[in-house]
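In case you want the letters, here they are:
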Amino acid sequence: MAAADLRLPHTESGMTVGLFGGSFDPPHAGHLLVAETALRRLQLDRLWWIVTPGNPLKRHERTHSLGERIAASRHIAAEPRIDVTAFEAAHRLRYTADTLALVRQRRPDVHFVWVMGADSLASFHRWQDWRGIVGTMPIAVVDRPGATLSILSSPMAKTFSRFRLSEADGAALPFRKAPAWVFLHGPRSPLSSTALRSGEASGGARS
């Protein structure tokens, strides 16, 4: 990895920036659709594609190296407004709550939004300090196949239902004080990293 991979990407004061974190093992078209939907619907200036050292809630068999996942992410996320970064590794961060605290401390003049696929919403209440995350930064949840109903059943959606914005107000989300969140519908891809890893293990090609 280059030293630049471990630094926070460049920003300018007043920018709107989405934070999209994941193991990306491997990254695929479904991830890119989430990122592109957030960029477009929230009218973001940039999106940081944060390749994590590892997900505490997932098992790590057959995990590709961080450098491999960064390279693969850059290949998938060629959109010029997307910055692929692994700064969490440099700061030994494992939990999203700590990542958001660091980003807000280092870039207090930037309007950040946490971006995630709706397939993560069902287990969001298992994340370390999940209520603190919702209270720290606005959140955009982007629809994923099979996860649309998570907005009705997930503890996060139920607990913070009164702070949900309409999709029409998505562009205002980066400027809203947390807690604030929106559910965005858009193009969906059935691909998943788990299925792609299974394909690799059985001799299938990596996407």
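No experiment lies behind these values; they were computed from the predicted model shown.

**Student:** Can you break down the nonpolar core residue by residue, with the values?
**Tutor:** With 32 residues, the main nonpolar core has L19, W48, F124, I139 and M156 as its most contacted residues. Of all the secondary-structure elements, those providing two or more residues to this core are β1 (16–22), β2 (46–51), α4 (96–106), β4 (111–117), α5 (130–136), β5 (139–142), α7 (155–159) and β7 (181–184). The greatest single-element share of this core, amounting to 4 residues, is contributed by α4. With near-sequence residues (within four places) excluded, I139 lies in contact with V113, W114, M116, F124, I133, V134, M156, L173, A180, W181 and V182. Formed by 28 residues, the second largest nonpolar core is a distinct cluster that contains F20, A35, A77 and V115.

**Student:** Would you mind going over the layout of surface pockets in detail, with residue names and values included?
**Tutor:** For the second largest pocket, the calculated volume is near 270 Å³. Around the second largest pocket, the lining comprises 16 residues; the ones closest to its centre are R104, V110, F112, T136 and P138. Looking at the lining of the second largest pocket, the elements that each hand over two or more residues are β4 and α5. Taken together, the residues of the lining of the second largest pocket sort by class into 8 nonpolar, 3 polar and 5 charged.

**Student:** How would you explain the sheet that holds β2 if you had to name every residue and give the values?
**Tutor:** Within the open sheet, the 7 strands sit side by side as β3-β2-β1-β4-β5-β7-β6. Their pairing is parallel. This sheet does not close on itself; its edge strands, each paired only once, are β3 (82–85) and β6 (164–165). As defined by bridge partners, β4 adjoins β5 across 4 bridges and the pair is classed as parallel. The partner of V115 across the bridge, within β5, is A140. With respect to the sheet, helix α1 (residues 29–41) is in contact with β1, β2, β3, β4, β5 and β7, its orientation differing from that of β2 by roughly 155°.

**Student:** How would you summarise the pattern of salt bridges if you had to cite specific residues and measurements?
**Tutor:** According to the stated counting rule, one finds 5 salt bridges in the structure shown. Note that E167 and R41 form a salt bridge whose closest N and O atoms lie 2.7 Å from each other. Taken as a pair, E167 in the loop between β6 and β7 and R41 in helix α1 lie far apart in primary sequence, 126 residues in all. For E167, a relative accessible area of 26% corresponds to the partly exposed category.

**Student:** Describe unusual backbone geometry, listing the residues and the values that go with them.
**Tutor:** The linkage connecting D25 with the following residue, P26, adopts the cis geometry, with an omega of 0°. In this structure, P26 sits in the loop between β1 and α1. At Q43, a position not held by glycine, the phi torsion is positive, near 55°. Relative to the helices and strands, Q43 resides in the loop between α1 and β2. Classification of Q43 as exposed rests on a relative accessible area of 56%. Of note in the backbone geometry, D129 takes a positive phi value of approximately 55° without being a glycine. Tracing the backbone shows D129 in the loop between β4 and α5.

**Student:** An account of the confidence of the model for the protein is needed here, citing residue identities and associated values.
**Tutor:** Taken residue by residue, the protein gives an average pLDDT of 88. The fraction at 70 or more is 86%. Within the model, the stretch residues 191–207 combines pLDDT values under 50 with 26 contacts to residues more than four positions away or in other chains.

**Student:** How would you sum up the environment of G22? Please name residues and give values.
**Tutor:** Topologically, G22 is positioned in strand β1. The class for G22 is buried, based on a relative accessible area of 16%. Here the alpha-carbon distance between G22 and W49, two residues 27 residues apart in the chain, equals 8.0 Å. Residues in contact with G22, not counting those within four places in the same chain, are I50, V51 and T52.

**Student:** Run through the side chain of T16, naming residues and quoting values.
**Tutor:** Of note, T16 is situated in strand β1. T16 has contacts with Q43, L44, D45, R46, H111, P174 and F175, leaving out every residue within four places of it along the chain.

**Student:** Just give me the short version of the environment of A86, but keep the residues and values in it.
**Tutor:** Relative to the assigned elements, A86 resides in the loop between β3 and α3 (87–90). In this structure the C-alpha to C-alpha distance between A86 and I70, which are 16 residues apart in sequence, comes to 7.5 Å. Ignoring anything within four residues of it in the chain, the contact list for A86 reads D5, L6, V51, L66 and I70.

Thresholds applied
Residues numbered from 1 in each chain as written. Predicted model: local features only at pLDDT ≥ 70, side-chain atom pairs only at ≥ 80, totals over all residues. Heavy atoms only, no water. Core = buried A, V, L, I, M, F, W, Y, C linked by side-chain atoms within 4.5 Å. Buried < 20%, exposed > 50% of the residue type's maximum accessible area, 1.4 Å probe, protein only. Helix = DSSP H or I, 4+ residues; strand = E, 2+ residues; numbered from the N terminus. Contact = heavy atoms within 4.5 Å. 1 Å grid on protein atoms, 1.4 Å probe; cavity = no way out; pocket = protein on both sides within 12 Å on 5 of 7 lines; lining within 4 Å. Points joined across faces, edges and corners; volume = space filled by probe spheres on them. Nonpolar A, V, L, I, M, F, W, Y, C, P; charged D, E, K, R; others polar. Pairing = 2+ DSSP bridges. Axes fitted to C-alpha atoms, helices over the stretch in contact; angles between N-to-C directions. Salt bridge = Lys/Arg side-chain N within 4 Å of Asp/Glu carboxyl O. pLDDT = per-residue confidence, 0-100.

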